[in-house]
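A look at the structure
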Amino acid sequence: MPPMQVVIPAALPPSALAGELASRLAQRAPVLHAWMQRASHEVEALDLKSAGCTPFEAWQLRQAGFRPAPGQRLGAGLAPLRAGARAPTGAPVWLAELSHIALSTEGAMLVDPAMLEVSPEEDAALFASVQPVLEGSGFAMQRLYPGTWLACLPDGVTMPSASPAVVAGAGLDAWWPQDAGARPWRRLLNEIQMAWHEHPANQARAERGQLPINSLWLYGGAAAWDAAPGEPAQVHEDLVAPARAGDWPAWLDALAGLDARVLRPLADAGRPPVLILTGADRLVRLTLPASRLLRRLAWPKKNWKSWWYPHD
């Protein structure tokens, strides 16, 4: 039986902070620190523009057995993966994510939709308001779950796929489709944005200090496939929220909790997993010696800082 994979998204901090955080790992996450010193490592740098997804999303897609079609971004598979049993059969699957686009002197930026906390009531009200706009457009929408809708595109409309997570926080100029094939979507989106400009749901959000929902982010384009079971894996997303918020003391607290709750029992049982650590643009796979005898021997320490912050 292959060893268990333990996947920790957002475990690789930005390079500018990696050195400071590295100095605290031995105290806050002693099991992880010890394993990092002994494990063999494989680093995969991901070209985000070519992939159209984050490294963690890339791992999820490969774990499920997705293979993009020629010329298709890897991230196109996220729509059928997330739609699950509700994905249409034999047709491209698209998702429309309720979003907020922030404008500044530096341009437009997509706010991570995970930060919007769209309620079922808001989702339903905004969905009802776009139905008149959709009539005669050739587009169709279905509610999937709060904040995410299934979308059906008319023939001839072509869109590159990029997940909201990979686009969030970056300038939209690099991601926004400008070709003629995307023109019908841009026109429809403009009408939807006007319908939502002073929508009661957004007025209520403003009164609560929440960002308005002023756009949809469309991604996907792959057909559903028979997902493979993949290798056994545990995914622990404890670090995602503090990393998203840039709260690195909270990130260290979450890492300490994960180290004690998840990694320590595995170490005590003599069952070290394969660790999958992901960051904004790369993934590191750590493999420890499989033999118990080898684990007891003095094992040369690895230069783990070479991949923790590789610019040094």
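Before any of the text, the structure's been laid out above.
Since the model is a prediction, treat every value here as computed from it, not as a measurement. (Residues numbered from 1 in each chain as written. Predicted model: local features only at pLDDT ≥ 70, side-chain atom pairs only at ≥ 80, totals over all residues. Heavy atoms only, no water.)

1. A few points about the overall build of the protein
- A count of helices and strands for the protein gives 13 helices and 10 strands.
- Relative to the 2.2 N^0.38 estimate, which gives 20 Å for 312 residues, the radius of gyration of the protein is 22 Å and therefore close to what a compact globule would have.
- In the protein, which comprises 312 residues, the share counted as buried stands at 45%.
- Carbon and sulfur atoms make up 54% of the accessible area of the protein, which totals about 15200 Å².
- For the protein, the centre of its 27 positive side-chain charges and the centre of its 29 negative side-chain charges are spaced 11 Å apart. (Helix = DSSP H or I, 4+ residues; strand = E, 2+ residues; numbered from the N terminus. Rg over C-alpha atoms; globule rule 2.2 N^0.38 Å. Buried < 20%, exposed > 50% of the residue type's maximum accessible area, 1.4 Å probe, protein only. Areas by Shrake-Rupley, 256 points an atom, 1.4 Å probe, with all protein chains shown as cover. Lys, Arg positive; Asp, Glu negative; His and termini not counted. Charge placed at Lys NZ, Arg CZ, Asp CG, Glu CD.)

2. Some details on the sheet that holds strand S9 (residues 274–278)
- Ordered by their spatial adjacency, 5 strands build an open sheet running S2-S10-S9-S1-S8, and the pairing between neighbours is mixed. Strand pairing shows two members of the sheet lacking a second neighbour, strand S2 (40–45) and strand S8 (233–235), which therefore form its edges. Sheet twist, expressed as the average angle between the axes of neighbouring strands with direction ignored, equals 15 degrees.
- For strand S1 (residues 5–8) and S9, the ladder comprises 4 bridges, and the chain directions are parallel. Directly across from isoleucine 8, in S9, lies its bridge partner leucine 277.
- Helix H11 (residues 248–268) rests against S1, S8 and S9 of the sheet, and its axis sits at about 165 degrees to S1. (Pairing = 2+ DSSP bridges. Axes fitted to C-alpha atoms, helices over the stretch in contact; angles between N-to-C directions. Contact = heavy atoms within 4.5 Å.)

3. Notes on empty space enclosed by the protein
- Tallied over the full model, the rule gives 2 cavities of 30 Å³ or more.
- Approximately 70 Å³ is the volume attributed to the largest cavity.
- Together, Arg73, Met159, Pro160, Ser161, Ala162, Trp175, Trp176, Pro177, Trp185, Trp217 and Leu218 line the largest cavity.
- Class assignment of the residues belonging to the lining of the largest cavity gives a composition of 9 nonpolar, 1 polar and 1 charged.
- Taken together, Glu44, Leu46, Pro55, Ala58, Arg62 and Leu283 form the lining of the second largest cavity.
- The greatest single-element share of the lining of the second largest cavity, amounting to 3 residues, is contributed by helix H4 (residues 55–63).
- For the lining of the second largest cavity, the per-class residue count stands at 4 nonpolar, no polar and 2 charged. (1 Å grid on protein atoms, 1.4 Å probe; cavity = no way out; pocket = protein on both sides within 12 Å on 5 of 7 lines; lining within 4 Å. Points joined across faces, edges and corners; volume = space filled by probe spheres on them. Nonpolar A, V, L, I, M, F, W, Y, C, P; charged D, E, K, R; others polar.)

4. Considering the environment of asparagine 202
- Assignment of secondary structure puts asparagine 202 in helix H9 (residues 200–207).
- Classification of asparagine 202 by relative accessible area gives buried; the value is 5%.
- Spatially, the C-alpha atom of asparagine 202 lies 45 Å from that of glutamine 27, the residues being 175 residues apart in sequence.
- With near-sequence residues (within four places) excluded, asparagine 202 lies in contact with Trp196, Pro212 and Ile213.
- In terms of polar contacts, asparagine 202 uses its side chain to reach the backbone amide nitrogen of isoleucine 213, at 2.7 Å. (Polar contact = N/O pair within 3.5 Å; in protein donor to acceptor, adjacent residues only side chain to side chain.)

5. Topic: the pairing of strand S5 (residues 140–145)
- Both S5 and strand S6 (residues 148–152) contribute to a ladder of 5 bridges, which runs antiparallel. Each residue of the ladder has a partner; that of tyrosine 145, found in S6, is threonine 148.
- The hairpin formed by S5 and S6 contains 2 residues between the paired strands, and glycine 147 there has a positive phi angle of roughly 100 degrees.

6. Considering the layout of surface pockets
- Looking at the largest pocket, its volume works out to about 1200 Å³.
- Elements supplying a minimum of two residues to the lining of the largest pocket: H4, helix H5 (78–83), strand S4 (107–111), helix H7 (164–167) and helix H10 (240–245).
- Among the elements that make up the lining of the largest pocket, the one with the highest residue count is H4 (4 residues).

7. Quick look at the pattern of salt bridges
- All chains considered together, the criterion is met by 11 salt bridges.
- Put simply, arginine 62 and glutamate 44 hold a salt bridge, and the shortest N to O gap is 2.9 Å. Taken as a pair, arginine 62 in helix H4 and glutamate 44 in strand S2 lie far apart in primary sequence, 18 residues in all.
- Look at arginine 62 and you get partly exposed, because its relative accessible area is 38%.
- For arginine 244, the salt bridge is made with aspartate 112, and the minimal N-O distance between the two is 2.9 Å. Of the two residues, arginine 244 is situated in helix H10 and aspartate 112 in the loop between S4 and helix H6 (120–134); the sequence distance between them amounts to 132 residues.
- Where salt bridges share partners, they join Glu122, Arg205 and Arg208 into one cluster. (Salt bridge = Lys/Arg side-chain N within 4 Å of Asp/Glu carboxyl O.)

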